[in-house]
Amino acid sequence: MAGHATATLIRQVSTLERRFSSGLRSPAVAARLGIALGVAFGICFLTGLVSHFMQHPPDWLAWPSRPVWLYRVTQGVHVLTGIASVPLLLAKLWSVYPRLFTWPPFRSIAHALERGFVLLLVVAALSQVVTGVANIAYWYPFPFFFTTVHYGVAWLLVAGLVVHVAHKWRQARDELRVPLREAPHTPPPPESPPVPSRNGLTRRQFLGTVGVAGGLLAAVTAGEAIPGLRRIALLAPRVGDIGPQGLPVNRTAAAAGLAGRLDEATYRLRVTGAVTRELTLTLGELAALPQVTVELPITCVEGWSANATWTGVRLRDLLQRAGARPGSRVRVGSLQRGGRYRESYVDPPHARDPLTVLALRLGGEPLAPDHGYPCRLIAPNRPGVLQTKWVGVVEVLGP
């Protein structure tokens, strides 16, 4: 009875394989897609590490403040490579999914472990792409904090990818030597393999279509970071020159609970901590200090970035006025009462950089409330979530 049921299942699987067979599907196609996807995921992983360590640096790492455009480039590449990998991933899964129906599901313990790592790789890849695209679109239907889970799953993806490559690299190398037209069909049908009609795609055209699709997706998103492509930024949720004072906004004053609470008459900036004398400055007193104007980009983890002209007081000048020791680390706190990024830490390379400013003006005008009025931090080579808005306290922590 059990043997009859197994035989029936095998026949059903075989029928399913024939029904979904395609002349475009072959190990040679899968190998080429796998290499392209591996390169894309590798770039995403490395640039993602840059983003993570800039937002959450370990104690031994002080991220440099120069070049000022470094985070803008790495995060832009991270997002665009992730977008371009969507059609690559879908095509790769399509090219190999008949193997899911092989019977028996595993032949040995080693084979079971190998298929387990493949499952881990598939789930992690889909998770990274889905949550990454959702983050870019500012859509958070999941119950977890995006950054933490995205970073953790990235390591699972890399682990699965390393094991898979170690197991398959010889086979992939051999498949790359086979011309696409001569490569065998997957899965091998019992009769002659289906041949694409003259009006259908060849395997080379199929791979080209996947590549063009990835390039187009990146192109219509890249305008959020590249000014020259803003006219075709059809999928960019933020465009660099749209927003209050010509600059995008992620978190508004209303969202931070500060609408109606930003009063110039009652505003005070406190400089406290490891200083020889504490300072309490009104907005007028801040504006009366020596002012500098800097041209710096602001870049968010979602990939958008824009240049802007900021005017305000150099942080290092303010620290010197308070008697802080050179090389001090600084905590910058916001007036907002809650929020994961209501404060940020400024390490010595940024604190002493002449381009790090407590800005009072944007584009020559007083800051709009949504851009951090009356005072915000702006520093070179730093994620947007760490460019603290509505600054109320600067605490010197010491070297």
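Above this text sits the structure in question.
A brief structural summary.

Thresholds applied
- Along each chain, residue indices are assigned from 1 in the same order as the chain's sequence is written.
- Thresholds applied to this predicted model are a pLDDT of at least 70 for local features of residues and 80 or more for the giving and counting of side-chain atom pairs; totals over whole chains, interfaces and linings are not thresholded and use all residues.
- The side-chain figures draw on all heavy atoms in the structure; neither hydrogens nor water molecules are used.
- In this text, helices come from DSSP runs of H or I with a minimum length of four residues, and strands from runs of E with a minimum of two, each type numbered from the N-terminal end.
- Exposure categories follow from relative accessible area, calculated using a 1.4 Å probe and restricted to protein chains: below 20% of the type maximum is buried, above 50% is exposed, and the middle band is partly exposed.
- Under this definition, polar contacts are N or O atom pairs within 3.5 Å; protein pairs additionally need one hydrogen-donor-capable and one acceptor-capable atom, and for neighbouring residues in sequence, both atoms have to be side-chain atoms.
- The contact definition used throughout considers only heavy atoms, calling two residues in contact when any of these lie within 4.5 Å.
- Here, nonpolar core refers to any group of buried Ala, Val, Leu, Ile, Met, Phe, Trp, Tyr and Cys residues whose side-chain atoms link them within 4.5 Å.
- By the convention used here, strands pair only if DSSP detects at least 2 bridges between them.
- Here an angle of 0 to 180 degrees is reported between the N-to-C directions of two axes, which are lines fitted to C-alpha atoms, with helices fitted over the stretch in contact.

Regarding the side chain of Gln387
Logical step 1: Relative to the assigned elements, Gln387 resides in the loop between β9 (376-378) and β10 (391-398).
Logical step 2: Among the residues examined, Gln387 registers a relative accessible area of 2% and is labelled buried.
Logical step 3: A distance of 2.8 Å separates a polar side-chain atom of Gln387 from the backbone oxygen of Ala379.
Logical step 4: With sequence-adjacent residues up to four places away left out, Gln387 is seen in contact with Arg376, Leu377, Ile378, Ala379 and Arg382.

Observations concerning the nonpolar core
Logical step 1: Formed by 47 residues in total, the largest nonpolar core has its most connected members in Leu269, Leu286, Trp310, Leu318, Leu319, Leu358 and Val394.
Logical step 2: The greatest single-element share of this core, amounting to five residues, is contributed by strand β7 (residues 357-362).
Logical step 3: What Leu319 contacts, discounting residues up to four positions off in sequence, is Ala324, Val330, Ala351, Val394 and Val396.
Logical step 4: Leu33, Leu89, Ala91 and Val129 belong to the second-largest nonpolar core, a separate cluster that totals 20 residues.

Thoughts on the sheet that holds strand β2 (residues 279-281)
Logical step 1: Pairing is mixed in the open sheet, where five strands are placed in the order β2-β1-β10-β5-β6. The sheet is open, and its two edges are formed by β2 and β6 (343-346), each paired on a single side. Taken pair by pair, the neighbouring strands of this sheet meet at an average axis angle of 15°, ignoring direction.
Logical step 2: Sheet topology places strand β1 (residues 269-273) next to β10; four bridges connect them, and they run parallel.

Here we look at the pairing of β7
Logical step 1: Within β7, five of the six residues are buried, which leaves the element mostly enclosed by the surrounding structure.
Logical step 2: As paired elements, strand β4 (residues 305-314) and β7 share five bridges and run antiparallel to each other. Bridging from a neighbouring strand, Gly312 pairs with Ala359 of β7.
Logical step 3: Of the pairings in the sheet, the one linking β7 to β9 comprises three bridges and is antiparallel in character. Across the sheet, residue Ala359 finds its bridge partner in β9, namely Arg376.
Logical step 4: In the sheet, β7 pairs with strand β8 (residues 365-366) via two bridges, with the strands oriented antiparallel. Bridge pairing in β8 links Leu362 to Glu365.
Logical step 5: Here β7 hands over to β8 after two residues, with Gly363 in that stretch at a positive phi of 65°.

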